[in-house]
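Structure assessment
Each chain, written out:
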Number of protein chains: 2
Amino acid sequence: MKTPNPTRRSERSRQAILSAAFDLVAEIGYAKLTVEAIAARAGVGKQTIYRWWPSKGAVFVEAVLDLSRDERGELALPDTGDLRADLRGVLRAIVDEYNDPKLDAMSRALSAEALADPALNSEITGRILGPILEATRERLRSARRAGQVAADADLSVAVELLFGPVYHRWMLRTNPLTHEYADTVVEFALRALAPTQGESDSVSVKG
Amino acid sequence: MKTPNPTRRSERSRQAILSAAFDLVAEIGYAKLTVEAIAARAGVGKQTIYRWWPSKGAVFVEAVLDLSRDERGELALPDTGDLRADLRGVLRAIVDEYNDPKLDAMSRALSAEALADPALNSEITGRILGPILEATRERLRSARRAGQVAADADLSVAVELLFGPVYHRWMLRTNPLTHEYADTVVEFALRALAPTQGESDSVSVKG
């Protein structure tokens with residue numbers, strides 16, 4: 001007879017809790033979300049949640065950041081050395097997320113609340129969006145060191161060149177979000193960020 | 001003794017009505033907006049509004065589009081031949097609008113409602129955003145004819161390269177919206193859209 005594996009059981013509870021937090025924000029909004037409701041939906045006791053997280057906000061933030069973490073649990077963009085491929089992967093994944101009905105509903109509900117509540121907005125910006133933008137800037141810094149991005153490019157604006165168009169199209173539902181679209185945005189961004197002629201010369205001279 | 005000028009009086013009423021519609025959306029939201037409330041706030045009779053507009057939606061759309069019209073009442077971007085200067089003017093104006101507390105409040109209230117109401121969203125996208133994006137595409141088409149934009153550039157994505165970053169920064173309040181920022185976005189977009197080496201050669205050969 002096998003003994004139950006506590007790690008696997010914990011991971012199952014963890015996933016159920018994160019998933020419940022997600023669904024509830026889509027259904028009732030963040031303001032009405034409670035730890036009690038998450039526990040009931042996930043089929044766990046309230047104390048199980050409090051053992052791992054201090055608040056409903058902490059559960060929800062982890063649920064969202066979980067989507068962007070790699071298999072080691074780190075929030076970093078892939079760095080294969082191929083900037084085009086890495087950025088395409090990121091933007092295609094975002095397009096897939098927005099095309100997922102559950103994630104779309106959750107994101108719209110949360111965005112509507114954040115519009116009306118600057119404190120919630122700065123929570124989201126600081127704890128969810130901020131780390132994702134910083135991970136992207138870090139990937140662009142690495143590309144800059146490799147001579148693939150202009151030395152003087154403002155990377156805070158560069159990340160908005162990637163995410164801004166996708167976000168605009170998603171929020172305003174102007175046109176379909178496809179992988180082809182994601183690739184086109186990456187292509188424009190790569191041209192915008194490319195080293196100037198003189199720079200790439202000096203890089204090839206140095207190399 | 002001067003006789004009252006009816007054109008001037010009408011224009012004053014028109015401005016008062018548009019301004020009332022605007023303020024009311026910021027204060028109570030679009031859903032609760034009524035022609036009665038607009039009339040009361042503007043200090044005119046309901047019939048004055050119905051003489052010029054068929055519905056509250058028509059008043060509101062005109063109030064927003066009025067911001068983007070030139071002195072001849074046309075929704076067109078300036079075309080001085082200097083693409084950089086023209087696009088800087090547009091993005092700086094958008095930044096100024098977002099930094100205007102009244103317009104910021106109205107836009108956030110409306111965005112929150114549109115998130116929850118796809119029909120309202122498609123009304124806004126079709127009647128307000130659509131014409132503005134199309135006017136911008138038209139300016140880029142003119143630039144393409146002048147050899148300033150790559151022949152194969154997807155102009156539906158190009159307009160999102162301009163508006164997307166500004167919108168992302170405004171919605172998510174990540175960083176200040178300044179003229180310097182607007183100019184940086186234009187600079188990136190111009191690089192992204194620039195004709196490739198071969199293209200610009202052939203233009204200069206033709207010229």
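Residues numbered from 1 in each chain as written. Chains lettered and ligands numbered in written order. Predicted model: local features only at pLDDT ≥ 70, side-chain atom pairs only at ≥ 80, totals over all residues. Heavy atoms only, no water.

**Quick word on the side chain of K56 of chain A**
All names here are of chain A. Keep this limit in mind: Segments assigned H or I by DSSP are reported as helices when at least four residues long, segments assigned E as strands when at least two residues long, and all are numbered from the N terminus. For every residue, the accessible area obtained with a 1.4 Å probe (protein chains only) is divided by the maximum for its type, and the residue is called buried under 20%, exposed over 50%, and partly exposed between those limits. Asp and Glu count as negative and Lys and Arg as positive, but His and the ends of the chain are not part of the count. A carboxyl oxygen of Asp or Glu within 4 Å of a side-chain nitrogen of Lys or Arg is what we treat as a salt bridge. Note on contacts: a residue pair is in contact if any heavy atoms of the two residues lie within 4.5 Å.
One can find K56 in helix α4 (residues 56-66). Despite its burial, K56 pairs with no opposite charge, the nearest such side chain being E113 at 6.8 Å. Among residues more than four places away in sequence, those in contact with K56 are Y30, A31, L33, V35 and I38.

**Remarks on the packing of aromatic side chains**
Aromatic rings in a pair are described by how distant their centres are and how their planes are angled relative to each other. Residue and element names in this part refer to chain A. The following threshold applies: Within 6.5 Å between ring centres, the rings of Phe, Tyr and Trp (the latter by its six-membered ring) count as paired, and their orientation is classed by plane angle as stacked under 30 degrees, edge-to-face over 60, tilted in between.
Taken as a whole and assessed by the stated rule, the structure comprises nine aromatic pairs over all chains. For the ring pair W52 and W53, a centre distance of 5.8 Å and an interplane angle of 90 degrees mean the geometry is edge-to-face. Classification of W52 as partly exposed rests on a relative accessible area of 34%. Ring plane angle 45 degrees and centroid distance 6.1 Å describe the contact between Y167 and W170, whose orientation is recorded as tilted. Of the two residues, Y167 and W170 are both situated in helix α8 (residues 155-172); the distance of three residues between them amounts to about one turn of the helix.

**Observations regarding the nonpolar core**
Put simply, the rule reads: Residues belong to one nonpolar core when they are buried, are Ala, Val, Leu, Ile, Met, Phe, Trp, Tyr or Cys, and are joined through side-chain atoms within 4.5 Å.
Of all hydrophobic cores here, the largest spans 80 residues; its most connected members are L91 of chain A together with L91 of chain B. Not counting chain neighbours up to four residues away, the residues in contact with L91 of chain A comprise L162, F163, V166, A182, V185 and V186 of chain A.

**A few points about the packing of helix α5 (residues 83-99) of chain A against α8 of chain A**
All names here are of chain A. Selection criterion: A fitted line through C-alpha atoms serves as each axis, taken over the contacting stretch for helices, and the angle formed by two N-to-C directions is quoted from 0 to 180°. The scheme is simple: roughly parallel for angles under 35 degrees, roughly antiparallel for over 145, roughly perpendicular for 65 to 115, oblique for anything else. When the near helix sits turned anticlockwise from the far one by under a right angle, the crossing is termed left-handed; a clockwise turn instead gives a right-handed crossing. Any residue that is not Ala, Val, Leu, Ile, Met, Phe, Trp, Tyr, Cys, Pro, Asp, Glu, Lys or Arg is counted as polar, Gly included; the first ten are nonpolar and the last four charged.
Here α5 crosses α8 at 20 degrees, and the two axes come no closer than 11 Å. Overall, the two elements α5 and α8 adopt an arrangement that is roughly parallel. Remark: the crossing between α5 and α8 carries right-handed chirality. Across from L87, V90, L91, I94, V95 and Y98 in α5, the residues of α8 making contact are L162, F163, V166, Y167 and W170. The residue inventory of the contact of α5 with α8, partitioned by class, reads 11 nonpolar, no polar and no charged.

**Some remarks on the UniProt feature "DNA-binding region" (unreviewed entry) in chain A**
Our working rule: UniProt positions are given in the numbering used here, feature names are shortened, and annotations may be inferred rather than shown by experiment.
As annotated by UniProt and renumbered to match this structure, "DNA-binding region" (unreviewed entry) occupies residues 34-53 of chain A. Span residues 34-53 of chain A is 75% helix and 0% strand, its end C-alpha atoms 13 Å apart.

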